[in-house]
Amino acid sequence: MIKILKVIILTAIISSFFTCTSDSGNVEKTEDYNPNKVMAETLLALHNDINFMNSLYENSDRADYLLAQPQSGNLMNNLKIKMRAGYELMNSNKNEQALEVFNEIEKELETLNTNQGGRYRLLKLRAVNYFRMGELENCINNHNEDSCILPFNDNSFHRVKTGSQAAIDDILELLKMKSDKNYIWLLNLAYMTLGQYPDNVPPEYLVPLYPKEEPNLVEPFINIGSTIGVDDNKLSGGSIIDDFTGDGYYDIISSSWSLADQIFFYVNNGDGSFTESHKKAGLEGITGGLNITHTDYNNDGHLDFMILRGAWLQEGQYPNSLLRNNGDGTFRDVTVESEILSKNPTLAAAWADFNNDGFLDCFVANESFKDAPPNPCELFINLKNGKFKNIAPDVNSNISGLFKGVTIGDIDNDLDQDIYISNLKGPNILLRNDATESVYGFSFTDVSQSSKTSGNEQSFPCWFFDYDNDGWLDIFSASYSWDFSNNMAKEYLNEMAGDPSGAAPPALYKNNKKGSFSNVSKNIGLDKICFAMGAGFGDFDNDGFQDIYLGTGEPDFKAVIPNRAFKNENGVEFKEVTSQSRLGHLQKGHGISFADLDFDGDQDIYAVMGGAFEGDNFFNALFENTNNSNNWIKIKLQGVQSNRPAIGARLELVVSTNNSHRSIHRFVSNGSSFGENPFTQEIGFLINETIDKLNIIWPSGQQSTFSNLQSNKYYLITEDQLTPQELNHTTTKFKKDKNHHHQH
């Protein structure tokens, strides 16, 4: 009866949500109509209707169900069910209860005349549970700026040692039964959390935990997320940094993929502090979203954003949300009235002006699963009246695959925006935008094979950037070797130990300028085992070359491997700086955004942490950059004929010393497919370099050149205007509170 009532309520809410739109697309408003509230009620009903047996993040309910099962006459089957229940309790952060279950199983196994297989499986689960208990007691309950960052130091060694020590005891026993590199990795890590690595690790199990690095490449970042209060403690999700309030300071939006988790909106107060403002912004009850993306779809100068839902869930039933910025600090859900509503599972979308009409369109890369109806990609063309129309079938972009990332850029410098899509279960796809005589004026041609960019068949985040500053966009596609699920720690350890690995490295496709690309990842130092889920790019040290930061991991709790950072050395080589940069966070990384949040000239990094399971939550990180010895300039573009945020614009900053000139190239876009930077271009250059000129090619095709710009200034440049406007750029030193809410 309760189930029937839930279905009736859910049907009524969804029906009211979708019938608010007439055939003409006009919303039939009533005096008390609130689209934000309607969406919030819809999401709540969908969450309440989730089948816990099919949802990754409903572990607690699944554990209760398993523990409530009646005992059968098959004792081993009863133990298997009980062991699975303990596993689910562990995944929901009910570690003490999980330990009780595991200990009960241990006693029952002792009474049975069985081989060691049952005990071996038990030890594997209990060891991970103990290790997770140590993380909770130390990295969360006694959290500080060094918590869970590799390598550990005096500030991050576990104060409560029982969890890691018990994990060590169980791992040593199970390794005597059967060697497993996943647990050899975890064993070494457990010793490090206690301050006993490498000295106390048994020699036969001692392995390197991080690669050797060339010293003094970058200064360390400092995780201040907790001390300034932008560290919501949720699951995996997306991130955006940009000026959503229009006051000139960057704000932060973060999401978490559970439909129970609230979107967070951190408003920059302009004095080095932030205020979490989702209620004030009208976003209460707007939940979920493994990823988010931002835009200005109506060219009103106020940045909007979109929430992408349903990723990994085969059934398409969770609506995406388009939130229009009202310009007063609030947002309105216009998903229905704009006719951009879609319920296909996705975590990937990006914005561009595909038909060069001055308005931004939206491409959504949906997920299709084997043995299920396909969910083709959608291209919502902007009708310039606040509404969209899906024209993907008409422009040859309604393709299907298990797509995990999408990025948009101009691969051939013809001012048409092309699309690159990463695929977890198949070849990646590059769609070239070609002018046609059709009603839409363009169509796409699949050039994946001819361009040699279809490789890396298990990939996740991706982006366009010009890594070597030659004026042609290159493609980064991060690997995520799904075939090695539950063995990612083993594959990472293989790399650290110099052993062969079957996992794929990321691909860096260099643009050959002739319609083809070359994968240079091996030659350039990126042949690493990364398992990247989230990823971002920016400039660690303002040298003008864009660097890479990857968020790593998988749902499995033993996949405790560091996020990885790579410094771009003059467009010739990427060198690992994970350890020296203090960016090697061990918790699972997702949305990553680069931006100069404190206006001191260097880019800080915001990273959304946490995994998929109900209990795999962790505090988001804000890494303050201390590499501020070089010059910089900030350029905010404002389109007139072009779209307002000038997505698709190309910038060339020419700088010089006494003896030489060089060009630094930037491209305005949504950036990474999993974590977005501001549209304002933050460009670094060396301390001994001065600015010669700035060349801009606008999306409309108009070109501008400015030769009167100064170093370390912030400029607004408007299309058609001859004089840049200097904007206020006062450094706002972060206000840090070491007594923030969870510090003990």
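Rules and cut-offs
Think of each chain on its own: its residues are numbered from 1, step by step along the sequence as written. It should be noted that, the model being predicted, local features are given only for residues of pLDDT at least 70 and side-chain atom pairs only at 80 or more, the latter also being counted only at that level, while totals for whole chains, interfaces and linings use all residues. As a convention, hydrogens and water are excluded, and side-chain values are obtained from all of the structure's heavy atoms. Strands here mean DSSP runs of E at least two residues long; helices mean DSSP runs of H or I at least four residues long; both are numbered from the N terminus. Pairs of residues are marked as contacts when any of their non-hydrogen atoms sit within 4.5 Å. Domain delimitation in this document rests on an assignment produced automatically or drawn from a domain database. Note on terms: buried area is the combined drop in 1.4 Å-probe accessible area of two parts once they are placed together, counting the loss on both. Counted as salt bridges are all cases of a side-chain nitrogen of Lys or Arg within 4 Å of a carboxyl oxygen of Asp or Glu. N or O atoms within 3.5 Å of each other form a polar contact, as long as, within protein, one can give a hydrogen and the other can take it, and as long as residues adjacent in sequence are counted only when both atoms are side-chain atoms. Ten residue types, Ala, Val, Leu, Ile, Met, Phe, Trp, Tyr, Cys and Pro, are classed as nonpolar, four, Asp, Glu, Lys and Arg, as charged, and the remainder, Gly among them, as polar. When two rings of Phe, Tyr or Trp (its six-membered ring) have centres within 6.5 Å they constitute a pair, described as stacked for plane angles under 30 degrees, edge-to-face for angles over 60, and tilted for the intermediate range. Burial classification: accessible surface area is computed with a 1.4 Å probe over protein chains only, and a residue below 20% of its type maximum counts as buried, one above 50% as exposed, and the rest as partly exposed. Two thresholds decide whether a charge sits over a ring: the Lys NZ or Arg CZ must be within 6 Å of the ring centre and within 35 degrees of the ring normal. Following DSSP output, two strands are said to pair if at least two bridges run between them. Helix axes are fitted only over the stretch in contact, all axes being lines through C-alpha atoms; the angle between N-to-C directions runs from 0 to 180 degrees. We define a nonpolar core as any set of buried Ala, Val, Leu, Ile, Met, Phe, Trp, Tyr and Cys residues linked to one another through side-chain atoms lying within 4.5 Å. For a helix, the expected span equals 1.5 Å multiplied by the number of residues minus one. Put plainly, a pocket is an open set of points on a 1 Å grid over the protein atoms alone with protein on both sides within 12 Å along at least five of seven lines, a cavity is a set where a 1.4 Å probe fits but cannot get out, and a lining residue has an atom within 4 Å of a point. Grid points are joined across faces, edges and corners, and a volume is the space filled by probe spheres set on the points.

**Student:** Talk me through the environment of asparagine 355; I want residue IDs and the actual numbers.
**Tutor:** Looking at where asparagine 355 falls in the secondary structure, it is placed in the loop between β11 (346-352) and β12 (361-366). Sequence spacing of asparagine 355 and glutamine 603 is 248 residues, and the spatial spacing of their C-alpha atoms is 33 Å. Apart from the residues lying within four places of it in its own chain, the contact partners of asparagine 355 are Asp361, Ile381, Tyr440 and Phe442.

**Student:** Tell me about the domain arrangement of the protein chain, and please be specific about residues and values.
**Tutor:** Domain assignment breaks the protein chain into domain 1 (59-194), domain 2 (222-624) and domain 3 (631-727). One C-alpha centre belongs to domain 2, the other to domain 3, and the line joining them spans 22 Å. In total, about 3700 Å² of surface goes out of reach between domain 2 and domain 3, with carbon and sulfur atoms giving 50% of it. Taken together, the links from domain 2 to domain 3 amount to two salt bridges. Scanning the region where domain 2 abuts domain 3 turns up 27 residue pairs in polar contact (both at pLDDT 80 or more). At six residues, strand β27 (residues 589-595) tops the list of elements feeding residues into the side of domain 2 that touches domain 3. Partitioned by chemical class, the residues of the side of domain 2 that touches domain 3 number 27 nonpolar, 28 polar and eleven charged.

**Student:** Could you give an account of the packing of aromatic side chains, with specific residues and numbers?
**Tutor:** Within this structure, the stated rule accounts for 31 aromatic pairs. Ring geometry for tyrosine 549 against phenylalanine 623: centres 6.2 Å apart, planes inclined by 90°, an arrangement best described as edge-to-face. A residue pair is termed long-range when its members are at least 10 positions apart, and tyrosine 549 in strand β24 (residues 547-552) and phenylalanine 623 in strand β30 (residues 621-624) qualify at 74 residues. Centroid distance phenylalanine 599 to tyrosine 714: 6.1 Å. Interplanar angle 85°. Geometry classified as edge-to-face. Of this pair, phenylalanine 599 sits in the loop between β27 and β28 (604-609) while tyrosine 714 is found in strand β37 (residues 714-718), placing the two residues 115 residues apart along the sequence. Across this residue pair, the class does not change: phenylalanine 599 and tyrosine 714 are buried. One aromatic cluster is present, built from ring pairs that chain together Trp463, Phe465, Tyr467, Phe476, Phe537 and Phe574. For lysine 404, the ring lying beneath its charged end belongs to tryptophan 312, and the centroid distance is 3.2 Å. Here the basic side chain of lysine 634 rests over the ring of phenylalanine 599, its NZ or CZ set 4.0 Å away from the ring centre.

**Student:** So what's going on with the sheet that holds strand β21 (residues 507-511)? Residues and values would help.
**Tutor:** Pairing within the open sheet is antiparallel, and its four strands lie in the order β19-β20-β21-β22. Either end of the sheet is taken by a strand with one partner, and the two such strands are β19 (459-465) and β22 (517-519). With direction set aside, neighbouring strand axes in the sheet form an average angle of 20°. Bridge count for β19 against strand β20 (residues 474-479) is five bridges, and the pairing is antiparallel. Counterpart to serine 459 in the pairing with β20 is serine 479.

**Student:** Quick rundown of the sheet that holds strand β13 (residues 378-382)? Include the residues and the values.
**Tutor:** Taken in spatial order, the four strands line up as β11-β12-β13-β14 in an open sheet, and their pairing is antiparallel. Bordering the open sheet on either side are β11 and β14 (388-390), each of which pairs with just one other strand. This sheet shows a mean twist of 20° between the axes of neighbouring strands, independent of strand direction. Here β12 runs beside β13; their pairing, made up of three bridges, is antiparallel. Residue valine 364 lies in a different strand from β13, and its bridge partner there is glutamate 378.

**Student:** How would you explain the side chain of arginine 332 if you had to name every residue and give the values?
**Tutor:** Looking at the element boundaries, arginine 332 is found in strand β10 (residues 331-333). Separated by 3.0 Å, the side chains of arginine 332 and glutamate 337 make a polar contact.

**Student:** Could you give me a rundown of the nonpolar core, with the residues and numbers involved?
**Tutor:** Within the largest apolar cluster, 150 residues are counted, with the highest numbers of intra-cluster contacts made by Phe305, Trp351, Phe363, Leu379, Ile421 and Leu637. Once residues within four sequence positions are removed from consideration, phenylalanine 363 is found in contact with Ala348, Ala349, Ala350, Phe354, Cys377, Glu378, Leu379, Ser397, Val406, Ile408, Ile419 and Ile421. Residues Cys148, Ile149, Phe221 and Tyr549 belong to the second largest nonpolar core, which totals 22 residues.

**Student:** Can you break down helix α4 (residues 75-91) residue by residue, with the values?
**Tutor:** An α-helix turns once every 3.6 residues. As a result, residues three or four positions apart point the same way. Its 17 residues place the ends of α4 24 Å apart at the C-alpha level, agreeing with the 24 Å of an ideal helix rising 1.5 Å per residue. Of the surrounding elements, those touching the buried residues of α4 are α3 (59-67), α5 (95-111) and α6 (117-140).

**Student:** Lay out empty space enclosed by the protein in plain terms, naming residues and giving numbers.
**Tutor:** A water-sized probe, rolled over the atoms, reveals where empty space remains. The full count for this structure, using the stated rule, is six cavities of 30 Å³ or more. Within this model, the largest cavity holds a volume of roughly 330 Å³. Along the wall of the largest cavity there are 27 residues; nearest its centre are Phe537, Gln546, Arg666, Phe667 and Gln681. Of all the elements in the fold, those that place two or more residues in the lining of the largest cavity are β19, β23 (532-538), β32 (650-656), β33 (661-667) and β34 (681-685). Here the lining of the largest cavity takes three residues from β33, the largest share from any one element. Across the lining of the largest cavity, the residue classes break down as eleven nonpolar, eleven polar and five charged. Split by domain, the residues of the lining of the largest cavity number at least three in each of domain 2 (222-624) and domain 3 (631-727). Roughly 70 Å³ of internal volume is contained in the second largest cavity. If you trace the second largest cavity, you find it lined by Tyr57, Trp257, Leu259, Gly289, Leu290, Leu308, Arg309, Gly310, Ala311, Leu313 and Tyr318.

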